[in-house]
Amino acid sequence: MKTTEEIRFFVTRALKVSGAPFQEVEKLLITQVTVEHPPFIFGPPRLETVSLNLVFQPEDVAKYPGAELVIPGSFRLNWIIDGLRQRGQIFLGSIHYDDNLRRWQREIQSLMPSDFPYFFFHRPQLRYRPFMLNNFLVSYQADEREDELVSIGIDLVDGMFRPDLSQVLSSHKISGKTPASGLMDERVSIIDAISLCKSYIEEHTQQKEDTWVKDAHSRFSTELNCLRQYYTENDDTEGFNQRSLEIFEKFRPKIVISWINLAIIYLPEVVYSLQSLDGKNLPSAVYSPVESRLEFAEEEIE
């Protein structure tokens, strides 16, 4: 993770998934979180609600007295990451959509191609499609470490990856309840979905520029030359070999991918059978209100 916007986006997503209320006021993020204090002697653990004022740029600390700076390596960012690992690693929720036929039709018509045949709406159906959003921590490690938080979504019906799912969900209110009816069956299991997403992330890491590898190799070569000079002057070949192995391991580039948590979110989907004026067969309209996306499919409405 490199940019201020990426850090801020991750923190707000983490708070939303955890169910913590928050408010954004200009460059200040105000939230309330629950902290567990260890038990005192034989007493039970104590829960306390704590208010946090967070900023994401060093120059903003002075503007908001009492605010904590959240940047890579900071205590608060690490605390949020650790909290995601320890609390509620699976979140189940949905985005509600009203049963308003006129609204459905109006929104669908606005997305229709201009050359689409005249039609009648027929046999509406509101259903909810399951998506999984996985959060991973990718660590690029050598003698120095760079962490990147990556979110990847996947459709649990057709198995298609949705890299933009976290961004799509960020502008919608997510409920911790699931709809009572209309849930589509999951064709991809949770275990398979996590495995697929991890493979996707592994491919993502291969696209990263290898500057960090080259820099680590350069630092390794510099330190190795210094060691060679020292142990040569002291005629200690065995010591040089041993220390060489140690610094090789220290500077050896490696990528560590850690799964943090996941959310299963049911997103509304409206399906209409369409009837043309001249009796010709028309595909069904499949409308996703969360994404304002309209697709057509040859499918029967159950």
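Residues numbered from 1 in each chain as written. Predicted model: local features only at pLDDT ≥ 70, side-chain atom pairs only at ≥ 80, totals over all residues. Heavy atoms only, no water.

(A) Up close: the overall build of the protein. Looking only at helices and strands, the protein has 7 helices and 11 strands in total. Relative to its 302 residues, the protein shows a buried fraction of 39%. In the protein, the share of contacts with a sequence separation of at least 24, taken over all contacts with a separation of at least 6, comes to 65%. (Helix = DSSP H or I, 4+ residues; strand = E, 2+ residues; numbered from the N terminus. Buried < 20%, exposed > 50% of the residue type's maximum accessible area, 1.4 Å probe, protein only. Contact = heavy atoms within 4.5 Å.)

(B) Representation of the environment of Arg293 in the model. Inspection of the secondary structure puts Arg293 in strand 11 (residues 293-297). Accessibility expressed as a relative area gives 27% for Arg293, which makes it partly exposed. Taking the C-alpha atoms as reference points, Arg293 and Leu111, separated by 182 residues in sequence, lie 7.7 Å from one another. Residues contacting Arg293, with those up to four places away along its chain left out, are Leu111, Arg162, Val286, Tyr287 and Ser288. A polar contact of 2.5 Å, which involves the side chain of Arg293, links it to the side chain of Glu291. (Polar contact = N/O pair within 3.5 Å; in protein donor to acceptor, adjacent residues only side chain to side chain.)

(C) The pattern of salt bridges, seen in detail. Counted according to the given criterion, the structure contains 21 salt bridges. A salt bridge links Glu107 to Arg103, with the nearest nitrogen and oxygen atoms 3.0 Å apart. Taken together, the residues span about one helical turn, with Glu107 and Arg103 both in helix 3 (residues 101-111) at a distance of 4 residues. Taking relative accessible area as the criterion, Arg103 reaches 26% and is therefore assigned partly exposed. Between Arg129 and Asp158 there is a salt bridge, and its shortest N-O distance comes to 4.0 Å. Here Arg129 is found in strand 6 (residues 119-141), whereas its partner Asp158 is found in the loop between strand 7 (145-155) and strand 8 (161-162), with 29 residues between them in sequence. Arg129 sits in the buried class, given a relative accessible area of 12%. The structure contains a network of salt bridges with shared partners spanning Arg127, Arg129, Asp155, Asp158 and Glu269. (Salt bridge = Lys/Arg side-chain N within 4 Å of Asp/Glu carboxyl O.)

(D) Quick look at the side chain of Gln141. Within the fold, Gln141 resides in strand 6. What Gln141 contacts, discounting residues up to four positions off in sequence, is Trp212, Arg252, Pro253, Lys254 and Val256.

(E) Geometry of helix 7 (residues 237-251). The first and last C-alpha atoms of helix 7 sit 21 Å apart over 15 residues, in line with the 21 Å expected at 1.5 Å per residue. By the burial criterion, the buried members of helix 7 are Gly239, Phe240, Ser244, Ile247 and Phe251. Down the axis of helix 7, the buried set is contained in an arc of 130 degrees. They therefore lie on one face. For helix 7, exposure combined with an orientation more than 90 degrees from the buried face picks out Glu238, Gln242 and Leu245. (Expected span 1.5 Å × (residues − 1). Arc of directions from axis to C-beta.)

(F) Looking closely at unusual backbone geometry. Backbone geometry places Glu26, a non-glycine residue, at a positive phi of 55 degrees. By secondary structure assignment, the location of Glu26 is in the loop between strand 1 (22-25) and strand 2 (28-37). By relative accessible area, Glu26 is classed as exposed at 69%. One non-glycine residue, Arg123, lies in positive phi territory at about 50 degrees. Within the secondary structure, Arg123 sits in strand 6. By relative accessible area, Arg123 is classed as partly exposed at 40%.

(G) Up close: the nonpolar core. Counting 33 residues, the largest nonpolar core has Ile108, Met112, Val270, Tyr272 and Leu274 as the members making the most contacts within it. Sort the elements by how many residues they give to this core and strand 6 lands first, with 8 residues. Membership of the second largest hydrophobic core comes to 17 residues, among which are Leu15, Leu52, Leu77 and Ile260. (Core = buried A, V, L, I, M, F, W, Y, C linked by side-chain atoms within 4.5 Å.)

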